[in-house]
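For reference, the chains in residue letters:
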Amino acid sequence: MKKNILTLLLTSALAIGVLAGCGSSQAASSSATSSSSAKAADGDNVIKVAASQTPHSEILEQAKSILKDEGYDLQVTVFDDYVQPNNVVGSGEFDANYFQHVNYLDSFNKEKGTHLVIADNGRIHYEPFGIYGGTKKSLDDIADGDSIAIPNDTTNEARALLLLQQEKLITLKDGVGVTATVNDIEKNPHNLKLVEVEAAQVPKQLKSVAYAVINGNYALEAGLNVKNDALATESADGDAIQQYVNIIAVKDGNQSSPKIKALTDALHSDAIVKYINDTYKGAVVPYTEKQ
């Protein structure tokens, strides 16, 4: 009887030990899972971003692995226009977009009645605007009646006109700044013909115009490099960096959500800064608060 009781006690002790061991293992596993998922603390680990092809989607592709380590799945969809990326964020279909600068966002909100905002820490990079040669290869060759293609949307047209003024090709009315339109041209000594076309189409006009003023991303897509090919670029010490810095835009109320913070942190990481500098060689410039 004593032997049976001893055997029973030993068996029970072993059973308790095994159960305790299992409990410890499950707790450790649960703790590890909890630690991993804590990085995606908002409970939604998918980040859907609408972007332009170049350089925005390319930069985002580089951020995928960084965000994966933080527990997020970055999904990027490329759009080839400047309207739908804002529409899909406004509707809530996408979490954010990455294609536009501050002025365009402000103008879009005003015209469309939308409520999109810059994400916290959401100023990512700057693309210098440039004047590129078409049928003429130097600004010294400019002549009366020459045609210059410029973007026709409100904010990019103003930016193009400011660059033409910087190069003393035209003079704008005092104070118009980033709201300038062709109607604000006060002096046009060469009687230049400004050909207004959709921003993405400007590079395609190079064969038929003397010069073209092109957005940085569309210049890249056309195989143009701002350092090697531009005849003139925006002055870096002007208002351009602040007004035309490219941003992560979100629906108002989401600017400081955990996954948006993870996104902007990734885009400001040393790895992404190095990628931008190495890949675009001055055609795309990482933004820093010092600017």
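Structure first, text after, so check above.
As the structure is a computational prediction, the values presented were derived from the model and not from experiment.

Caption draft 1: Geometry of the overall build of the protein. Broken down by element type, the protein carries 10 helices and 13 strands. The buried share of the protein, reckoned over its 291 residues, is 44%. In the protein, the share of contacts with a sequence separation of at least 24, taken over all contacts with a separation of at least 6, comes to 76%. As presented, the protein carries roughly 14600 Å² of accessible surface, and 51% of it is formed by carbon and sulfur atoms.

Caption draft 2: Structural view of the side chain of His56. Its place among the elements puts His56 in helix H2 (residues 53–69). Residue His56 is classed as buried on the basis of its relative accessible area of 0%. With residues up to four places along the chain from it excluded, the contact list for His56 reads Ala51, Tyr98, Phe99, His125, Glu127, Asn217 and Asn246.

Caption draft 3: Structural detail: the packing of H2 against helix H10 (residues 270–280). In the contact formed by H2 and H10, the axes pass within 10 Å of each other and the chain directions differ by 145°. For the pair H2 and H10, the crossing hand works out as right-handed. Mapping the contact onto sequence places Pro55, Glu58, Ile59, Gln62, Ala63 and Ile66 in H2 and Ala271, Ile272, Tyr275, Ile276 and Tyr280 in H10. Residue composition of the contact of H2 with H10, grouped by class: 9 nonpolar, 1 polar and 1 charged.

Caption draft 4: Highlighting the pairing of strand S4 (residues 116–126). The pairing of S4 with strand S12 (residues 246–251) spans 5 bridges and is antiparallel. Note that in S12 the partner of Arg123 across the bridge is Ile247.

Caption draft 5: Quick peek at the pattern of salt bridges. Summed over the entire model, instances satisfying the criterion amount to 7 salt bridges. Between Lys136 and Asp146 there is a salt bridge, with its nearest N and O atoms 2.9 Å apart. One end of the pair, Lys136, is in the loop between strand S5 (130–133) and strand S6 (147–151); the other, Asp146, is in the loop between S5 and S6, and 10 residues separate them in sequence. Exposure remark for Lys136: the relative accessible area of 21% places this residue in the partly exposed category. A salt bridge links Lys261 to Asp265, with the shortest nitrogen-to-oxygen separation between them at 2.8 Å. Taken together, the positions of Lys261 and Asp265, both in helix H9 (residues 258–267) and 4 residues apart, correspond to about one turn of that helix. The exposure class of Asp265 is partly exposed, given its relative accessible area of 35%. If you follow the salt bridges from partner to partner, you end up with Asp44, Asp95 and Lys259 in one network.

Criteria and cut-off values
- Residues numbered from 1 in each chain as written.
- Predicted model: local features only at pLDDT ≥ 70, side-chain atom pairs only at ≥ 80, totals over all residues.
- Heavy atoms only, no water.
- Helix = DSSP H or I, 4+ residues; strand = E, 2+ residues; numbered from the N terminus.
- Buried < 20%, exposed > 50% of the residue type's maximum accessible area, 1.4 Å probe, protein only.
- Contact = heavy atoms within 4.5 Å.
- Areas by Shrake-Rupley, 256 points an atom, 1.4 Å probe, with all protein chains shown as cover.
- Axes fitted to C-alpha atoms, helices over the stretch in contact; angles between N-to-C directions.
- Left-handed = near helix turned anticlockwise from the far one by under 90°.
- Nonpolar A, V, L, I, M, F, W, Y, C, P; charged D, E, K, R; others polar.
- Pairing = 2+ DSSP bridges.
- Salt bridge = Lys/Arg side-chain N within 4 Å of Asp/Glu carboxyl O.

The values reported here are purely geometric and, on their own, carry no functional implication.
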